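# Structural overview for review
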Amino acid sequence: MEGNTMKSAMTIIGAAALLALTGCGSKQPGAPKSTEEVKQEAAKLETPEPGEYKQVLEITRFDVPGMPKESAEQMKAMMKANQQNTICLTKADADKGFRDMFKGMGKGSQCSYSKFDVDGGHLDAQLDCKSPQQGNATMTLTGTVKKDGSDVVIDMNASGAPAPMSTMKMTMHMKTTRLGDCKAS
């Protein structure tokens, strides 16, 4: 979606967008999903209602083995804090649904969804990325997406990145709830 509004709102899959997407187009079992296959699955998600939303992102796990203890504790304290914001989703953004979510993704990365399934508002996806500079990462997204909010757990395991983040495991819980109509600005 365009602008900060949709970027902050119903983009539960947006966390995966941080890693980017490229599709291979293969239909073999176990093969990566093509960009078109992912778009078709994402289209099954309900179109979000316009309005004001509260979004809470909580880091529930953050492990970086090998990082100096002081730095790790500092980072864990920062990351564990709940991050909450309120945003206004316009009708124009809501009408787009999730169809533009993958536009411009995949530049400079070798990522593909090995799984991206939507069934009755339930999302089950896995994004696998490889980068010569940043190592490998696997991100799973599981949860529900409804017209008035979402509740998704994002689990990321990364390895092979430059020290001190050469191995990292992080789990995030993101919940978005529609509060009502947007307040006049």
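Basis of the calculations
- Along each chain, the written sequence defines residue order, and numbers are assigned to residues from 1.
- For a predicted model such as this one, the threshold for reporting local features is a pLDDT of at least 70, and the threshold for listing and counting side-chain atom pairs is 80 or more; totals across whole chains, interfaces and linings nevertheless cover every residue.
- The side-chain values count all of the structure's non-hydrogen atoms but skip hydrogen atoms and water molecules.
- A run of H or I in DSSP counts as a helix once it spans at least four residues, and a run of E counts as a strand once it spans at least two, with each numbered from the N terminus.
- For each residue, the accessible area found with a 1.4 Å probe, counting protein chains only, is set against the maximum for its type, and the residue is called buried under 20%, exposed over 50%, and partly exposed in between.
- A contact between two residues is defined here by any heavy atoms of the two lying within 4.5 Å.
- Areas reported as accessible are Shrake-Rupley estimates using a 1.4 Å probe. Residue values count occlusion only from the protein chains shown.
- Directions drawn from the helix axis to the C-beta atoms are what define this arc.
- Strands qualify as paired when DSSP identifies two bridges or more between them.
- Only the stretch in contact is used when a helix axis is fitted, and all axes are lines through C-alpha atoms; the angle between N-to-C directions ranges over 0 to 180 degrees.
- Whenever Lys or Arg places a side-chain nitrogen within 4 Å of a carboxyl oxygen from Asp or Glu, that contact is recorded as a salt bridge.
- The disulfide definition used here is simple: a pair of cysteine sulfur atoms within 2.5 Å.

This next bit is on the overall build of the chain. What the chain contains, in helices and strands, is five helices and seven strands. Starting at the N terminus, the α and β elements of the chain follow one another as α-α-α-β-α-β-α-β-β-β-β-β. The buried share of the chain, reckoned over its 185 residues, is 41%. At a minimum sequence separation of 6, the contacts of the chain that also span at least 24 residues come to 66%. Of the roughly 10100 Å² of accessible surface on the chain, 50% is carried by carbon and sulfur atoms.

This next bit is on helix H3 (residues 35–42). For H3, every residue scored as buried is listed here: Glu-37, Val-38, Glu-41 and Ala-42. Take H3 and look down its axis: the buried residues cluster within an arc of 135 degrees, on one side only.

Turning next to the sheet that holds strand E1 (residues 51–63). With respect to topology, seven strands assemble into an open sheet ordered E2-E1-E7-E6-E5-E4-E3, the strand pairing being antiparallel. Two strands in the sheet have a free side with no partner beyond their single neighbour: strand E2 (83–89) and strand E3 (110–119). Averaged over all pairs of adjacent strands, the angle between strand axes in this sheet comes to 15 degrees, irrespective of strand direction. As paired elements, strand E5 (residues 135–146) and strand E6 (residues 149–159) share eleven bridges and run antiparallel to each other. Counted as the bridge partner of Thr-140 is Asp-155 from E6.

What follows covers the pattern of salt bridges. If you walk through the whole model with that rule in mind, you get nine salt bridges. Glu-49 is the salt-bridge partner of Lys-147, the closest N and O atoms lying 3.8 Å from each other. Of the two residues, Lys-147 sits in the loop between E5 and E6 while Glu-49 sits in the loop between H3 and E1, which places them 98 residues apart along the sequence. Overall, the relative accessible area of 39% leaves Lys-147 in the partly exposed class. Between Arg-178 and Glu-49 there is a salt bridge, with the nearest N and O atoms lying 3.4 Å from each other. Taken together, the positions of Arg-178 in strand E7 (residues 167–180) and Glu-49 in the loop between H3 and E1 put the pair 129 residues apart, joining distant regions of the chain. Overall, Arg-178 belongs to the partly exposed group, its relative accessible area being 24%. On the basis of relative accessible area, Glu-49 is assigned to the partly exposed category, the value being 27%. By sharing partners, the salt bridges in this structure join Glu-49, Lys-147, Arg-178 and Asp-181 into a single network.

This part is about the state of the cysteines. One pass over the structure, following the stated rule, counts two disulfides. A disulfide bridge connects Cys-88 with Cys-182, and the sulfur atoms are separated by 1.9 Å. Every disulfide takes its handedness from the sign of the S-S torsion; for Cys-88 and Cys-182 that torsion is 105 degrees, giving right-handed. Linking Cys-88 in strand E2 with Cys-182 in the segment after E7, this pair joins segments that are 94 residues apart in sequence. Since its relative accessible area comes to 33%, Cys-88 is described here as partly exposed. Note on Cys-182: relative accessible area 28%, which makes it partly exposed. A sulfur-sulfur distance of 2.1 Å marks the disulfide that ties Cys-111 to Cys-129. Because the torsion about its S-S bond is 120 degrees, the bridge between Cys-111 and Cys-129 counts as right-handed.

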